[in-house]
Amino acid sequence: MSHKVTMTKVREKTSSQRRLEAKPDLLRQLGIVSATALVISNMVGTGIFTSTGFLAGDLGEAWIVVGIWAVGAVIALAGALCYSELGINLPASGGEYVYLTRAYGPTWGFMTGWISFFAGFSAPIAAAAIGCADYLGHFWPALRQDQTFITLGSGALSFKIGGGQLAASGLILLFTVLNLFGVSRIAKIQNVLTAIKLLVIIAFVVLAFAAGTGNWAHFSQPATRTSQSSLPIQFALSLFWVYVGYSGWNAATYVAEELKRPERTLPIALALGTVVVAVLYAALNVVFIYSTPLDEMKGVVAVGSLAARNLFGPEIAGTFSALMALSLVATVSAMVTIGPRVYYAMAKNGAFVKAAARVHPRWHTPVFAIVCQGCIAVLMTLTPFRDLVTYIGFTLTLFAVLAVASLFVFRRQPGWQKTSVISFAWPLIPVLFILVGTWTLVVGLSVQPRVSLTGLATVAVGALVYHFRIRPGRNV
């Protein structure tokens, strides 16, 4: 009798597994509005709140500062359209993981999780936390990034410790601990913080032109450039900053199997979300320059706080500084929550270290993944902000270029569904993305070799980890 029951359970389990493997148990219930909102909420974050001050010093001209965000929008849109075709054909893929696995092999599939751990989540968490601390520097100057009291090393290999780094580390640890005890509370907090972030940006832009004391003459006042590189070379290097600002344009591809009519919804959501964010970013950069001459904002992390002070005075500026800091808290919260779930899902598929798939029996959270991510993010807060952003931009650009290049592999396969927007003037759109991405990577290697080689070293270490510890036949 027990043998029959056991065999029945085995058959039921096998049948259930087959159903799950054959067809995901997810409903196609997300329309264009929901998918577009997902893209927008994932894109708006650290980059736009912290980059313009550095771009001002590096580029020196207002029209170039605004123009580079427009160029970044075109490149992000090209990438989004390419990812839409990948997402339609590989809807349950989990993004780059399956694109690179199918196109280049399992080593590259593992590498997407490895790079996500370091450059996709841990480093951006650190950057957002540092930016938040700098905005709080409006109230407590000791929290600004230039107020460090210990510096170890020099240049790209230096480590800085000060009030800002300590505050950023505290913020990361707070959300790391909160995530250990379940996702339900964090989800509620995140919804509120995301709504605040979007309202703050819209209110800031509207009030700047309605009641701010800016000056359009700032657009004709160049700044003395801080970069020693020629303008074309620096433009390519500065695209890393813009790329970080636009990262998230691929967000809807991760829920492609839950979209209504994905062949129509996915391209529209990715394109529309990117365009909306591009307009929002253009408006914010115009406000920043309208409020402050380029020379005054050079090298400023909390550029929004500076703009608010010049537009509305110190008292109202304090309110906006606090709200912008809160917006960056939303970014930290989202990434601390999402990152470990990515590692967990890949580890369950055998594509990441097995320990990342461990779930706490009581809290039902991937504790090991959460704690490891928090520790690495805290260490990364000690890295100079400029180098941290360049590291993120270089590494993520490399993998985005590889993902878009996989279209040339997949389009030769029978049964591949080709979207009309990519087929138009093929291969113009993917080639544009690949060429610009490759150009920035080459410039990054030549102008900032230490940071760029650190990114390549991260990739190389990941390949070694997969080869010796993860690949089939190995035990973690």
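Scroll up to find the structure.
Heads up: these notes are all about the structure in this document. (Residues numbered from 1 in each chain as written. Predicted model: local features only at pLDDT ≥ 70, side-chain atom pairs only at ≥ 80, totals over all residues. Heavy atoms only, no water.)

Some thoughts on the pattern of salt bridges
Heads up, the condition is: Salt bridge criterion: a side-chain nitrogen from Lys or Arg within 4 Å of a carboxyl oxygen from Asp or Glu. Secondary structure elements follow DSSP: runs of H or I no shorter than four residues count as helices, runs of E no shorter than two count as strands, and numbering proceeds from the N terminus. Any residue under 20% of the maximum accessible area for its type is buried, any over 50% is exposed, and the rest in between are partly exposed; the area is computed with a 1.4 Å probe on protein chains only.
As enumerated under the stated definition, the model contains 3 salt bridges in all. Among the salt bridges present, the one from Asp58 reaches Arg386, with a minimum N-O distance of 2.9 Å. Remark: Arg386 occurs in helix α16 (residues 385-405) and Asp58 occurs in helix α4 (residues 52-59); sequence separation between them is 328 residues. When its relative accessible area of 3% is taken as the criterion, Asp58 is described as buried. Classification of Arg386 as partly exposed rests on a relative accessible area of 26%. Arg411 is the salt-bridge partner of Glu85, the closest N and O atoms lying 2.8 Å from each other. Linking Glu85 in helix α5 (residues 62-89) with Arg411 in the loop between α17 (407-410) and α18 (420-423), this pair joins segments that are 326 residues apart in sequence. Under the relative-accessibility criterion, Glu85 is labelled buried at 0%. Overall, Arg411 belongs to the buried group, its relative accessible area being 11%.

What to know about the environment of Arg450
Take Arg450: it is sitting in helix α20 (residues 449-470). Take Arg450: its relative accessible area is 47%, and that puts it in the partly exposed class. Spatially, the C-alpha atom of Arg450 lies 9.3 Å from that of Asp387, the residues being 63 residues apart in sequence.

Considering unusual backbone geometry
Following Trp426, the chain continues to Pro427 via a peptide bond in cis, the omega torsion being 0 degrees. Even without a glycine there, the phi angle at Ala425 is positive, about 55 degrees. With respect to the element layout, Ala425 can be found in the loop between α18 and α19 (428-447). Taking the relative accessible area as the measure of exposure, Ala425 reaches 41% and is therefore partly exposed.

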